Amino acid sequence: DVAIQISPSILSADFTHLADEAAAVANSADWLHVDVMDNHFVPNLTLGLPVVESLHRVADLPLDCHLMIEDPDRWAPSYAEAGAGGVTIHAEAAKAPVRTLRTIRAEHARAGLAINPATPVEHYAELLPELDMVLLMTVEPGFGGQSFLEMVVPKIRRARELIDGGGGTVRLQVDGGVSADTIEQAAAAGADVFVAGSAVYGKEDPAAAVDALRAQAQR
Ligand code: DX5
Ligand code: ZN
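Keep in mind that this is a model prediction, so the values were computed, not measured.

Definitions and limits used
Residues numbered from 1 in each chain as written. Chains lettered and ligands numbered in written order. Predicted model: local features only at pLDDT ≥ 70, side-chain atom pairs only at ≥ 80, totals over all residues. UniProt positions renumbered as here; feature names shortened; annotations may be inferred. Helix = DSSP H or I, 4+ residues; strand = E, 2+ residues; numbered from the N terminus. Contact = placed C-beta atoms within 7 Å. Buried ≥ 20, exposed ≤ 12 C-beta atoms within 10 Å, placed from the backbone.

With that settled, consider the UniProt feature "binding site: a divalent metal cation" (unreviewed entry) in the protein. Per the UniProt annotation, the sites labelled "binding site: a divalent metal cation" (unreviewed entry) are His33, Asp35, His66 and Asp175. Spanning 143 residues, the named residues nonetheless gather at one spot, since no C-alpha pair among them exceeds 10.5 Å. Mapped onto the elements, Asp35 comes out in strand β2 (residues 32-37). Beyond its immediate stretch of four places on either side in the chain, Asp35 contacts Ser9, Leu11, Thr46, His66 and Met68. Looking at the secondary structure, you find Asp175 in strand β7 (residues 171-175). C-beta crowding within 10 Å serves as the criterion here: with 25 such atoms nearby, Asp175 is assigned to the buried category. Other than its neighbours up to four places away in sequence, Asp175 contacts His66, Leu135, Met137, Thr138 and Val195.

To continue, consider unusual backbone geometry. Look at Asn39: it is not a glycine, yet its phi comes out positive at around 70°. What makes Asn39 partly exposed here is the crowd of 13 C-beta atoms within 10 Å. Of note in this structure, His108 is not a glycine but carries a positive phi near 65°. Residue position: His108 is located in the loop between α4 (97-106) and β5 (110-115). Its 11 C-beta neighbours within 10 Å are what place His108 among the exposed residues.

And the structure:
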């Protein structure tokens, strides 16, 4: 069994204190999840390359960059160059995913593919050898603080079967509505990397929240 990883989403943090917010989870989390939104692929605008470059200089955790943008083929390599530990592109947006995923790896970042709730994971089985991580959205992308979509749980199981069947070491991340109430069912279905925004930064003690989520996912 691979170890559980927790990736707190900086989207739910205080953007006026990003360095402190990153430091708050540096000793408890594995990654720092960075949601890049362009107001076109999703109806929200967050942050881009300059902020990722700045965060990379101050954060002690590798940056897990989730690109919710219309043209990931154009922009993903720049996020890897900016120092991201991982760059995840959306299946629904990428026009040349094989080339883009290979470019991300060539820039020494982990390559991820994100899949929206209504997108079947089976369509992307052939891409598994190109991937270090599959991200299954458990909300419609765009905002923190939404409710976990239970309809995605069978897809988590199918993705786990595809990954194990391929014999590789692809990580399976879930993102959206992950909390003390939902993390156990996602873990039981086969997820091993958990993004949590409001369930970490919405708490008084974000580091303790990470520890508690990890303990629940390991059960
Ligand atoms: C949603 C983002 C998520 C979001 C998760 O589009 O991809 O990473 O920050 O926030 P919570 O955990 O509050 O649902
Ligand atoms: Zn995300």
